Amino acid sequence: QVQLVESGGGLVQAGGSLRLSCAASGSIFSINAMGWYRQAPGKRRELVAVITSGGSTNYADSVKGRFTISRDNAKNTVYLQMNSLKPEDTAVYYCNAKGAANDYWGQGTQVTVSS
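A quick note: this is a predicted structure, and the numbers were derived from the prediction, not measured.

### Some remarks on the overall build of the protein chain
A count of helices and strands for the protein chain gives zero helices and eleven strands. Put simply, the protein chain runs from its N terminus to its C terminus through helices and strands in the order β-β-β-β-β-β-β-β-β-β-β. Taken over C-alpha atoms, the radius of gyration comes to 13 Å for the protein chain, in line with the 13 Å a tight globule of 115 residues would show. With the principal axes as the frame, the protein chain shows a C-alpha extent of 40 × 25 × 20 Å. Relative to its full complement of 115 residues, the protein chain shows a buried share of 42%. The contacts in the protein chain between residues at least 6 apart in sequence include a share of 52% that link residues at least 24 apart. One way to put it: in the protein chain the 11 positive side-chain charges average out to a point 1 Å from where the 7 negative ones average out.

### Describing the nonpolar core
Ranked by size, the top nonpolar core spans 30 residues in total, and within it Leu 4, Met 34, Trp 36, Leu 80, Met 82 and Tyr 93 carry the most contacts. When contributions to this core are tallied by element, the ones reaching two or more residues are strand E1 (2–7), strand E3 (18–26), strand E4 (31–39), strand E5 (46–52), strand E7 (67–72), strand E8 (77–82), strand E9 (91–99) and strand E11 (109–114). Each residue touching Leu 80, except ones within four places of it in the same chain, is listed here: Leu 18, Arg 19, Leu 20, Trp 36, Val 48, Ala 49, Phe 67, Thr 68, Ile 69 and Tyr 93.

### Focus on the sheet that holds E8
Here we have four strands laid out as an open sheet, ordered E1-E3-E8-E7, and antiparallel in their pairing. Lying at the two open borders of the sheet, with one neighbouring strand each, are E1 and E7. When strand polarity is set aside, the average angle formed by the axes of neighbouring strands in this sheet is 20°. Relative to E8, E7 runs antiparallel, the two being bridged by six bridges. Looking at E8, one finds that Asp 72 is bridged to Thr 77.

### Considerations on the pairing of E5
Remark: a regular strand shows side chains that alternate across the two faces of the sheet. Two elements, E4 and E5, share six bridges in a ladder whose sense is antiparallel. By the bridge assignment for E5, Gly 35 is matched with Val 50. The hairpin formed by E4 and E5 contains six residues between the paired strands, and Gly 42 there has a positive phi angle of roughly 75°. In this structure, the hairpin formed by E5 and strand E6 (residues 57–59) is closed by a connection of four residues, where Gly 55 is found at a positive phi of approximately 95°.

### Examining the pairing of E8
Judged by how many residues are buried, E8 sits mostly within the fold: five of six residues are covered. Looking at chain direction, E3 and E8 are connected through six bridges and run antiparallel. Paired with Leu 18 across the strands is Met 82, a residue of E8.

Criteria and thresholds
Residues numbered from 1 in each chain as written. Predicted model: local features only at pLDDT ≥ 70, side-chain atom pairs only at ≥ 80, totals over all residues. Heavy atoms only, no water. Helix = DSSP H or I, 4+ residues; strand = E, 2+ residues; numbered from the N terminus. Rg over C-alpha atoms; globule rule 2.2 N^0.38 Å. Buried < 20%, exposed > 50% of the residue type's maximum accessible area, 1.4 Å probe, protein only. Contact = heavy atoms within 4.5 Å. Lys, Arg positive; Asp, Glu negative; His and termini not counted. Charge placed at Lys NZ, Arg CZ, Asp CG, Glu CD. Core = buried A, V, L, I, M, F, W, Y, C linked by side-chain atoms within 4.5 Å. Pairing = 2+ DSSP bridges. Axes fitted to C-alpha atoms, helices over the stretch in contact; angles between N-to-C directions.

What follows is the structure, given as structure tokens:
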């Protein structure tokens with residue numbers, strides 16, 4: 001099992017920045033990739049960014065150039081730096097860890113961007 005604890009959400013004005021953190025514990029050796037998803041009210045959950053165990057990254061087109069995913073292996077933590085935030089970035093952001101046979105999810109953290 002893998003446990004994920006997110007932090008860093010909040011309320012910010014458009015154009016501002018936030019950094020989300022996701023600390024992993026448990027069977028972290030089984031994790032192949034970690035990422036961030038988000039879900040806005042009335043919408044499906046969507047991929048925001050992912051980073052593999054090899055360090056490769058991928059981003060949704062809507063956040064490219066504004067968001068950066070990174071990780072600190074010593075702390076078993078993944079970060080999402082979000083710059084130039086827009087009202088349409090408002091959502092609950094979920095940390096995800098992909099194991100060989102399982103997906104693990106954090107509890108979610110609310111990000112609200114005011115115009």
